[in-house]
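Spelled out, the chains give:
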Amino acid sequence: MLISVSSSTPWSDIPALSPTRGIMLEQPELLSSAEDSKDIQTFYYPQTLDHFNYRPESYTTFQQRYMMNFKYWGGASASAPILVYFGAESSLDGAPAAIGFLNDNAIRFNALLVYIEHRYYGKSIPFGSREEAFKNASTLGYFNSAQAIADYAEIIMHIKQELNSLYSPVIVLGGSYGGMLASWFRLKYPHIALGALASSAPILYFDNITPHGAYYSIVTKDFRQASETCYQTIRKSWAEIDKIASQADGVSTLSKKFQTCKPLANSSELKDQLVSIYATVAQYNQPPRYPLNVLCGGIDRSENEDILGKIFAGIVAYKGNRSCYINPPPDHDYSETMTGWGWQICSEMVMPIALGENTMFQPDAFDLDSYIKQCKDSYGVSPRPHWVTSYFGGHDIKLILRRFGSNIIFSNGLKDPYSLGGVLENISESIFAVNTINGSHCLDILSESKTDPEWLIRQREIEVKIIKGWIAKYYADLKAFKRYEFFFQDRN
């Protein structure tokens, strides 16, 4: 039986982590064009199923997809750089087009571009099919971040060997969960990656390091800064929903009022959908459209005296003219993403996100016991809420990484609700926090545009300058190493 996500599962309340979700919603045509590019070549690597055991079944392999773009690469003889994008909780389709930081900077670095798909997503499925891979906890047990970054290590080393580019410096990057993987990869595999760019990576949203209510406090702040009246309307709407739902046929009335795609099961379904929409427009409030502002504009301009009528007007303004607006059937790719992410968040990616006090939402605390029970009911296994910080770290990060880590950029837009779970201050002379006051989720690694605001252009310029510095220092070290090696060989 293929495990699937239901609305009652604990991760349904946790906002999606994805660098390309905003593009999927605003510019979906971009995500369909990547593999059609003449510069992109697609490869498959026979990946090891289990990197950390020596049982016979551990040596089973599956085909893992990766893509390469050689257009601007300076070549192995020049030890030209390799920029590697870590695919995260979605198919790799569209990544070369959407994650523009690589393509926009390839000519500046004379870089080979590599994009690697995460195991269990897209076309990189173990056990021959999604049905088998997602069959039960036994087949899903190989689906975790440690295995994923070991995959990346194996593919990067394979590429360097095949291209005879042993001394080409590697810079890894990713956004959101992929940004976490990039930063963790630099810490776990410093002999493979010279540096990492971790965009909007909430590596501190684990094990109670970040307050549970941080995410929705930023969502509330974003809405209130955009429009006080919009904020107040949303804040008052929950009680109005509860009032109508308590009446005879009240849930049916709400279904009609919000033009749902199927009848609501209860008022909580509507409220969950609205919370998700508000979180999404805040997280991906990207130029030039700025969907949060569009939604609030619809609420504020509505001539409807009814609070819920105003809320619906905002949803229509944001989504455009449709036959229905609430609880639509999920698109295929996003459904696959949430199925995979459901397992991850029920095993190791336990981020305790809650609707706290003093927000525009009704409070809803994070209940770990309930979370564990629902995960066990869904998969038959218990989450490990402390494992991420045990394996990768997180507590006292300034103290630990000041001496231990190097060459990582943590970039954040401070209007991104996940930003409070990120690294927002420089840790050392080579671990940087590059923030923008008005930025949203993963905006810096998306493609450059003529409409980009000056602050975003500046953020990218800072990141490029830092990476150039890492590479220049590496080349100086490499030159000195080769000189010493030549001298030593000559004397013998």
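Look a little higher up for the structure.
First things first, this report covers the structure right here in the doc. Residue positions are counted from 1 within each chain, in the order its sequence is given. Totals for whole chains, interfaces and linings use every residue, but because this is a predicted model, local features are given only for residues with pLDDT of at least 70 and side-chain atom pairs only at 80 or more, for both listing and counting. Only hydrogens and water are removed before side-chain values are computed, so all heavy atoms of the structure are retained for them.

In this section: helix H8 (residues 214-226). Here a strand is any run of E in DSSP of at least two residues, a helix any run of H or I of at least four, and the numbering for each starts at the N terminus. One less than the number of residues in a helix, times 1.5 Å, gives the span that helix is expected to have. Taking 1.5 Å per residue, 13 residues should reach 18 Å; H8 reaches 19 Å between its end C-alpha atoms and fits that length. Any residue under 20% of the maximum accessible area for its type is buried, any over 50% is exposed, and the rest in between are partly exposed; the area is computed with a 1.4 Å probe on protein chains only. Along H8, the positions that sit buried rather than exposed are Ala214, Tyr215, Tyr216, Ile218, Val219, Thr220, Asp222 and Phe223.

Here Glu269 is to be found in helix H11 (residues 267-283). Charged residues are defined narrowly, with Lys and Arg counted positive, Asp and Glu counted negative, and His plus the chain ends left uncounted. Salt bridges, as used here, are contacts in which a Lys or Arg side-chain nitrogen is within 4 Å of a carboxyl oxygen on Asp or Glu. Within the buried set, Glu269 has no salt-bridge partner at all; the shortest N-O distance to an opposite charge, 5.1 Å, is to Lys262. Once residues within four sequence positions are removed from consideration, Glu269 is found in contact with Lys262, Pro263, Leu264 and Asn327. In this description, contact between two residues means that some pair of their heavy atoms is separated by no more than 4.5 Å.

For the bond running from Pro287 to Pro288, omega is 5°, close enough to zero to count as cis. Of note, Pro288 is situated in the loop between H11 and helix H12 (291-301). Residues other than glycine seldom take positive phi values, yet Ser176 does so here, at roughly 65°. Inspection of the secondary structure puts Ser176 in the loop between strand E5 (170-175) and helix H7 (177-188). Ser176 gets classed as buried once you look at its relative accessible area, which sits at 0%.

Another aspect to go through is a nonpolar patch on the surface. In this scheme, patches are assembled from residues that exceed 30% relative accessible area and form no salt bridge. Like charges are connected within 9 Å, while nonpolar side chains (Val, Leu, Ile, Met, Phe, Trp, Tyr) are connected within 5 Å. Accessible surface area values rest on a Shrake-Rupley calculation with a 1.4 Å probe, where residue burial reflects the displayed protein chains alone. Together, Leu399, Ile400 and Phe404 make up a nonpolar patch on the protein surface, roughly 350 Å² of accessible area in all. Within the secondary structure, Leu399 is located in helix H17 (residues 397-404).

Attention shifts here to the state of the cysteines. The disulfide criterion used throughout: a pair of cysteine sulfur atoms within 2.5 Å. Within this structure, the stated rule accounts for three disulfides. Cys261 shares a disulfide with Cys324; S-S distance 2.0 Å. Note on the Cys261 and Cys324 pair: the S-S dihedral is about 95°, so by sign convention the disulfide is right-handed. In this pair, Cys261 sits in the loop between helix H10 (250-257) and H11 while Cys324 sits in the loop between helix H13 (307-319) and helix H14 (332-345), placing the two residues 63 residues apart along the sequence. Assessed through its relative accessible area of 27%, Cys261 is described here as partly exposed. Two residues, Cys346 and Cys375, share a disulfide whose sulfurs are 1.9 Å apart. Every disulfide takes its handedness from the sign of the S-S torsion; for Cys346 and Cys375 that torsion is -90°, giving left-handed. With Cys346 in the loop between H14 and helix H15 (368-379) and Cys375 in helix H15, this pair connects stretches of sequence that are 29 residues apart. Accessibility classification places Cys346 together with Cys375 in one group, the buried group.

Moving on, we come to the pattern of salt bridges. With the rule as written, the count across this model stands at 15 salt bridges. Linking Glu448 and Arg108 is a salt bridge whose minimum nitrogen-to-oxygen distance equals 3.6 Å. With Glu448 in the loop between strand E8 (431-436) and helix H18 (454-491) and Arg108 in helix H3 (residues 100-109), the pair connects residues that are 340 residues apart, well separated along the chain. When its relative accessible area of 42% is taken as the criterion, Arg108 is described as partly exposed. In this structure, Asp306 engages Lys257 in a salt bridge whose closest nitrogen and oxygen atoms are separated by 2.9 Å.

Of all five residues making up strand E6 (residues 195-199), five are buried, and the element is well covered by its neighbours. Side chains Gly195, Leu197 and Ser199 of E6 all project onto a buried face; the interleaved residues Ala196 and Ala198 project onto the opposite face, where all are buried too. Two strands form a pair only when DSSP identifies at least two bridges running between them. The pairing of E5 with E6 spans five bridges and is parallel. Bridging across to E6, Gly175 finds its partner in Ser199. With the strands pointing away from the viewer, any crossover whose connection runs clockwise from the first strand over the helix to the second is right-handed. Running through H7, the crossover from E5 to the neighbouring parallel element E6 is right-handed.

Our next topic: the packing of helix H9 (residues 228-245) against H12. The interhelical angle for the contact between H9 and H12, taken along N-to-C directions, is 80°, at an axis separation of 9 Å. With respect to H12, the axis of H9 lies roughly perpendicular. Every residue of H12 that contacts H9 at Thr229, Cys230, Thr233 and Ile234 is listed here: Cys296, Ile299 and Asp300. Split into classes, the residues belonging to the contact of H9 with H12 amount to four nonpolar, two polar and one charged. Between N-to-C directions, angles span 0 to 180 degrees; the directions come from axes that are lines fitted to C-alpha atoms, helices contributing only their stretch in contact. Orientation categories follow fixed angle ranges, with anything under 35 degrees roughly parallel, anything over 145 roughly antiparallel, 65 to 115 roughly perpendicular, and all other angles oblique. Each residue gets one of three labels, nonpolar for Ala, Val, Leu, Ile, Met, Phe, Trp, Tyr, Cys and Pro, charged for Asp, Glu, Lys and Arg, and polar for the others, Gly among them.

Planes of paired rings set the category: under 30 degrees apart is stacked, over 60 is edge-to-face and the rest tilted, where pairs are Phe, Tyr or Trp rings (Trp by its six-membered ring) whose centres lie within 6.5 Å. Applying the stated criterion across every chain yields a total of 29 aromatic pairs. Aromatic side chains Tyr205 and Tyr418 sit 6.3 Å apart centroid to centroid with 80° between the ring planes, which places their arrangement in the edge-to-face category. In this pair, Tyr205 sits in the loop between E6 and H8 while Tyr418 sits in the loop between strand E7 (408-413) and E8, placing the two residues 213 residues apart along the sequence. Between the aromatic rings of Trp343 and Tyr379, the centroid separation amounts to 5.2 Å while the plane-to-plane angle is 85°, which identifies the pairing as edge-to-face. Of this pair, Trp343 sits in helix H14 while Tyr379 sits in helix H15; the two residues are 36 residues apart in sequence, bridging distant segments of the chain. Its relative accessible area of 5% is what places Trp343 among the buried residues. Overall, Tyr379 belongs to the buried group, its relative accessible area being 7%. Among the aromatic residues, those joined into a ring-pair cluster are Tyr205, Tyr215, Tyr216, Phe223, Trp238, Tyr278, Phe361 and Tyr418.

It is worth spelling out the sheet that holds E5 at this point. A sheet is described by the order of its strands in space; here eight strands give the open sequence E1-E2-E4-E3-E5-E6-E7-E8, paired in mixed fashion. Only two strands of the sheet have a single neighbouring strand rather than two, namely strand E1 (41-48) and E8. Direction aside, the axes of adjacent strands within the sheet are offset by 20° on average. In the sheet, E7 pairs with E8 via six bridges, with the strands oriented parallel. In the strand pairing of E8, Ile409 is matched with Phe432. Helix-sheet contacts for H7 involve strand E3 (82-86), E5, E6 and E7, and the interaxial angle to E5 is about 150°.

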